Amino acid sequence: ARGPATPATTLRSLYKLPLTTARKISTHVAYLAKERAVAIEAVERASQVCQAVFQRLITAETLTKKDKSPVTVADFGAQAVVNHILERYFPDDPVVGEEDSKDLQGEEGRVLREKVTELVNATTGDAMSSDEASCFARSCILRAIDRGQYAGGPRGRHWTLDPIDGTKGFLRGEQFAVCLALIIDGQVHLGVVGCPNLPYDMSKPDGERGVLMVAVKGQGAFQRKLSADSSEQETPVHVSGVQNTSDAVFCESVEAQHSDHSTNANIARLLGITKPSVRMDSQCKYASVARGDAEIYLRLPVSETYVEKIWDHASGNIIIHEAGGRVSDINGKPLDFSIGRTLSANKGVVAASAKIFDEVIGAVQATLAKDN
Ligand SMILES: Nc1ncnc2c1ncn2[C@@H]1O[C@H](COP(=O)(O)OS(=O)(=O)O)[C@@H](OP(=O)(O)O)[C@H]1O
Ligand SMILES: [Mg+2]
Ligand SMILES: [Mg+2]
Ligand SMILES: [Mg+2]
């Protein structure tokens, strides 16, 4: 068992066990052990789907034409696979997923639907019974995708899934992530982020790629290789030990549309930061801060109307916390995952190691006050 034991009463309700059995095994079962293993399996599978799409469907032509259809195939395929695996192990758990099957329905959706079905079967066929596979070839794929329609909220358990986060990074062959988290009574208790293109060891940027990060509440954050033959070896990750913000590095979005780069630069000046920002797409930014590649994740609101989605932040949020960092919105308020599908009570996101966090929030507040 890894981490603290699970109380017998929790085990009983989680796995519908008689209390006597739950008592017997409670000291051997780490909290959310089954969920952790299933979530890792699901994210690994979905990452394989995405990589298969990249290899097969992204060509110089799709890129110059700005054709987004390959990423759409991967998005739907990855959501179908994750939802299918979650349903098999946790049939009662609802899912808040980014995608829905609208574009795959009817005659209009036939071509895309067939592409997604073929892709899912080709990449995960070995993990499915023949019944499942033939069901997937028909309507089950749409049903699996639409298990992600849950409204979220403050009570009970639900998963949240971003099948491909950082779609633009995916298309460029750069950073993207498959993100899955478990929310219980409005709080993130488990998060997994798969980063297929992130170097495993940042000191060897041209070395092996593919990182999976996982965290369970109270158990710390870990990384492992995201490769088919991974030995499942995990190493703990910790945020950077940098004490002075002048030694820190920002990690920010590639798209200035998603976080205001010029205000970021003003905040950097106030903090004495001189090193250039690391720019990358997706929740890989959280993974980078969690393992100390960079110190500060900044996502400043760029419009009055955009509300952040829970699947864009849930996994990253717990991974940062468990790696010794802190996360809040630009006003220092914790991200509130209890409201529904969006973070409507928050504005922007700031994540940093605990040591420098308050100073970073101070600089964000001072800069925004001056700009407004
Ligand atoms: N206007 C606006 N403001 C803030 N955020 C937005 C906005 N529009 C979209 N999104 C969401 O940003 C997700 C990608 O975030 P990144 O940090 O990877 O952005 S970037 O594209 O790399 O710059 C992206 O997630 P994916 O759709 O999963 O790629 C969106 O959910
Ligand atoms: Mg996203
Ligand atoms: Mg997405
Ligand atoms: Mg999207």
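Residues numbered from 1 in each chain as written. Chains lettered and ligands numbered in written order. Predicted model: local features only at pLDDT ≥ 70, side-chain atom pairs only at ≥ 80, totals over all residues. Heavy atoms only, no water.

### Describing the coordination of the magnesium ion (ligand 3)
- Protein-derived coordination of the magnesium ion (ligand 3) comes from Glu98 (OE), Asp162 (OD) and Ile164 (O), at a distance range of 2.1 to 2.2 Å.
- Between the donor residues of the magnesium ion (ligand 3), the gaps in sequence give the motif E-x63-D-x1-I.
- The distance between the magnesium ion (ligand 3) and the magnesium ion (ligand 2) comes to 3.6 Å, with Asp162 serving as a donor to both metals. Take Asp162 and Ile164: they sit in the same class, and that class is buried. (Donors = N, O, S within 2.8 Å, 3.2 Å for Na, K, Ca; no water. Buried < 20%, exposed > 50% of the residue type's maximum accessible area, 1.4 Å probe, protein only.)

### Remarks on the sheet that holds strand β5 (residues 209-216)
- Strand order in this open sheet of 7 strands is β1-β2-β3-β4-β5-β6-β7, and the pairing throughout is mixed. Of all the strands in the sheet, just β1 (95-97) and β7 (235-236) have a single pairing partner and so form its edges.
- Bridge analysis of β1 against strand β2 (residues 157-165) gives 3 bridges, and the strand direction is parallel. Counted as the bridge partner of Val95 is Trp159 from β2.
- Strands in contact with helix α12 (residues 314-322) are β2, β3 (177-184), β4 (187-199), β5 and β6 (221-225); relative to β4, the strand with the most contacts, it is inclined by about 95°. (Pairing = 2+ DSSP bridges. Helix = DSSP H or I, 4+ residues; strand = E, 2+ residues; numbered from the N terminus. Contact = heavy atoms within 4.5 Å. Axes fitted to C-alpha atoms, helices over the stretch in contact; angles between N-to-C directions.)

### Some remarks on the nonpolar core
- The biggest cluster of nonpolar side chains holds 56 residues, and the ones touching the most others in it are Leu32, Val116, Trp159, Phe170, Leu180, Leu190 and Val192.
- Those residues in contact with Phe170 that lie beyond four places of it in its chain are Cys50, Val53, Phe54, Ile58, Val71, Ala74, Ile164, Gln175 and Phe176.
- Counting 39 residues, the second largest nonpolar core, distinct from the first, contains Val96, Val188, Trp311 and Leu343. (Core = buried A, V, L, I, M, F, W, Y, C linked by side-chain atoms within 4.5 Å.)

### What to know about the packing of helix α3 (residues 33-57) against helix α6 (residues 110-124)
- Where α3 contacts α6, the two axes come as close as 10 Å, and the packing angle between them is 115°. In this structure, the crossing between α3 and α6 has a hand that is right-handed. On α6, the residues that touch Arg45, Gln48, Val49, Ala52, Val53 and Arg56 of α3 are Glu118, Leu119, Ala122, Thr123 and Thr124.
- Of the residues assigned to the contact of α3 with α6, the class counts are 5 nonpolar, 3 polar and 3 charged. (Left-handed = near helix turned anticlockwise from the far one by under 90°. Nonpolar A, V, L, I, M, F, W, Y, C, P; charged D, E, K, R; others polar.)

### Quick notes on the domain arrangement of the protein chain
- You can read the domains of the protein chain as domain 1 (33-237) and domain 2 (245-371).
- Here the C-alpha centroids of domain 1 and domain 2 sit 24 Å apart.
- Contacts between the two partners involve 52 residues from domain 1 and, on the opposite side, 29 residues from domain 2.
- Interface of domain 1 and domain 2: buried area, both sides summed, is about 2,800 Å²; carbon and sulfur atoms make up 63% of it.
- Inspection of the domain 1/domain 2 interface yields 3 salt bridges.
- For Asp281, the salt bridge is made with Arg172, and the minimal N-O distance between the two is 2.4 Å.
- Along the contact surface separating domain 1 from domain 2 lie 16 residue pairs in polar contact (both at pLDDT 80 or more).
- Broken down by secondary-structure element, the contributors of at least two residues to the side of domain 1 that touches domain 2 are β1, β2, α9 (167-172), β3, β4, β5 and β6. (Domains from an automatic or database assignment. Buried area = accessible area lost by both parts, 1.4 Å probe. Salt bridge = Lys/Arg side-chain N within 4 Å of Asp/Glu carboxyl O. Polar contact = N/O pair within 3.5 Å; in protein donor to acceptor, adjacent residues only side chain to side chain.)

### Looking at the site of ligand 1
- Surveying the vicinity of ligand 1 reveals 18 residues, the closest of which are His258, Asp281, Ser282, Lys285 and Asp312.
- Between ligand 1 and the protein, one listed contact pairs an oxygen atom with a backbone N or O atom of Gly166 at 2.9 Å.
- In the environment of ligand 1, an oxygen atom lies 2.6 Å from a nitrogen or oxygen atom belonging to the backbone of Glu255.
- In the complex, the protein chains occlude 85% of the 630 Å² of accessible area that ligand 1 would expose alone.
- Among the elements that take part in the shell around ligand 1, β2 stands out by supplying 3 residues, more than any other.
- Residues belonging to the shell around ligand 1 are distributed by class as follows: 3 nonpolar, 6 polar and 9 charged.
- Each of domain 1 (33-237) and domain 2 (245-371) accounts for three or more of the residues forming the shell around ligand 1. (Near = heavy atom within 4 Å. Areas by Shrake-Rupley, 256 points an atom, 1.4 Å probe, with all protein chains shown as cover.)

### Looking at the sheet that holds strand β11 (residues 325-328)
- Pairing is mixed across the open sheet formed by 5 strands, whose spatial order is β9-β8-β10-β12-β11. If you trace the sheet from one side to the other, it starts and ends with β9 (278-279) and β11, each paired once.
- Note: strand β10 (residues 296-299) against strand β12 (residues 349-353), 4 bridges, orientation antiparallel. Note on β12: the bridge partner recorded for Ile296 is Ala352.
- Sheet strands in contact with α12 are β11 and β12, and its direction is about 145° off that of β11.
- Each of β10, β11 and β12 is contacted by helix α13 (residues 354-371), which is oriented at about 145° to β12, the strand it contacts most.

### Details of the environment of His158
- Checked against the element boundaries, His158 lands in strand β2.
- When the C-alpha atoms of His158 and Val120 are compared, they prove to be 24 Å apart, with 38 residues separating the residues in sequence.
- When residues no more than four places from it in sequence are discounted, the contact partners of His158 are Pro94, Val96, Tyr150, Gly152, Gly153, Ala181, Leu182, Ile183 and Ile310.

### Some points on helix α1 (residues 8-15)
- Ala8, Leu11, Leu14 and Tyr15 are the residues of α1 that are buried. The buried residues of α1 occupy one face: seen down the axis, they fall within an arc of 130°.
- Elements that come into contact with the buried residues of α1 comprise α2 (19-25), α3 and β2.
- In the stretch just after α1, Lys16 is the one whose phi turns positive, near 55°. (Arc of directions from axis to C-beta.)

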